[in-house]
Amino acid sequence: MDIRVLKNFMKIAEQGSICKAAESLHISQPPLSRQLKSLEYELGIKIFERSPKGVQLTEKGHLLYKRAASLISYNDLIIRELTTNTDIIRVGVTTSLVEYALGYVKEFSKDNSVYFEFTEKNTFELLELLKNIMLDMVFMRTPFEFDSQFTSAKLADDCLVAIGDPYFFSDEEKETISLHQLQDTPIITVKRWKNYIDFAAESDERTSLDYHFVCDDNRTAFSMAQGGMGVAILPGSITNFYSEKTLLTKEIQSVETLKSDIYIVFPAVRTLDPAASEFVNFIMQNPQNL
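Residues numbered from 1 in each chain as written. Predicted model: local features only at pLDDT ≥ 70, side-chain atom pairs only at ≥ 80, totals over all residues. Heavy atoms only, no water.

Caption draft 1: Representation of the sheet that holds strand S5 (residues 137-141) in the model. Taken in spatial order, the five strands of this open sheet run S4-S3-S5-S13-S6, and their pairing is mixed. Of all the strands in the sheet, just strand S4 (114-120) and strand S6 (150-156) have a single pairing partner and so form its edges. Going from strand to strand, the sheet's axes swing by 25 degrees on average, the running direction of each strand aside. The pairing of S6 with strand S13 (residues 262-267) spans six bridges and is classified as antiparallel. Pairing of Ser152 across the sheet is with Val265, part of S13. (Pairing = 2+ DSSP bridges. Helix = DSSP H or I, 4+ residues; strand = E, 2+ residues; numbered from the N terminus. Axes fitted to C-alpha atoms, helices over the stretch in contact; angles between N-to-C directions.)

Okay, here's the thing in structure tokens:
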């Protein structure tokens, strides 16, 4: 398969139209259509369902799109590695750990001339990229499934806390709060934490929480708390990087401990390049306090 043809196929899928894709690629429609037919013939599958409104990926087409994205990324990575004189370290990170990871990058870069590539995705996607040799290491949080293909090391303890305007807390002076005390409060959290919190709530006097907003990103949830829209339940380390003096942060006391410890994960069998290996050693020898 030709990388250029795969890129054009992905453009068709994204545009939902061969005509629109051709315009975007600044080529005429007939040769693009021929490329698509040739790709379908080569693979022996039907990639798109065609209709008067455009084209939609078939089940096999969706799989091809996913694999093509990986192939193109890997191709681009090879080109960068061969054409640059600077060592490349490929780091994956979940959204809530961007600032934490950047702390290590900043300190390491003071004495090392390297080029960092950052990929920010969810835990499952990051582990897939690590498995497919698209990343050297990943910063992530528990819970995640430990895999024998990877080596992992805990970097810091962290737990979920309640963050919000003092208005939402009856006792501002007290440093802790229970989930039961929050059951009549508008709750903000992230999809990843909701089931985790619900499990703890069931064990904590069978509390039922009033969720007003469930987001994809910790930063969005924190911004909502800043806007006085409710109490956000998020990892405690978030408060260190997105500090807001007017907000209160309270440790959550629960029967089930709401922990979300921070880990570095890297391949167990693949040998890292010297620069990446040195960065991992630097991380392990220089723990960051939350």
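Once the structure has been displayed, the description carries forward.
Caption draft 2: Broad picture of the packing of helix H5 (residues 98-109) against helix H10 (residues 274-285). Between H5 and H10, the shortest axis-to-axis distance is 11 Å and the interhelical angle comes to 115 degrees. Taken together, the axis directions place H5 and H10 in an arrangement best described as roughly perpendicular. For the pair H5 and H10, the crossing hand works out as right-handed. Here H5 contributes Tyr104, Val105, Glu107 and Phe108 to the contact with H10, which in turn contributes Ala275, Glu278, Phe279, Phe282 and Ile283. Residues that form the contact of H5 with H10 fall into these classes: seven nonpolar, no polar and two charged. (Parallel < 35°, antiparallel > 145°, perpendicular 65-115°, else oblique. Left-handed = near helix turned anticlockwise from the far one by under 90°. Contact = heavy atoms within 4.5 Å. Nonpolar A, V, L, I, M, F, W, Y, C, P; charged D, E, K, R; others polar.)

Caption draft 3: Here's a closer look at the pairing of strand S3 (residues 87-93). Burial analysis of S3 places six of its seven residues in the buried class, the great majority of the element. Sheet analysis places S3 next to S4, joined by seven bridges and oriented parallel. Paired with Gly92 across the strands is Thr119, a residue of S4. The β-α-β motif built from S3, the intervening H5 and the parallel element S4 has right-handed crossover chirality. Here S3 runs beside S5; their pairing, made up of three bridges, is parallel. When the sheet's bridge partners are listed, Gly92 is paired in S5 with Val138. (Buried < 20%, exposed > 50% of the residue type's maximum accessible area, 1.4 Å probe, protein only. Right-handed = clockwise from strand over helix to strand, strands pointing away.)

Caption draft 4: Inspection of unusual backbone geometry at higher detail. Note that the residue after Thr142, namely Pro143, is joined by a cis bond; omega there is 5 degrees. The topology assignment puts Pro143 in the loop between S5 and S6. The phi angle at His26 is positive, at roughly 60 degrees, despite the residue not being glycine. Turning to its location among the elements, His26 is positioned in the loop between helix H2 (18-25) and helix H3 (29-43).

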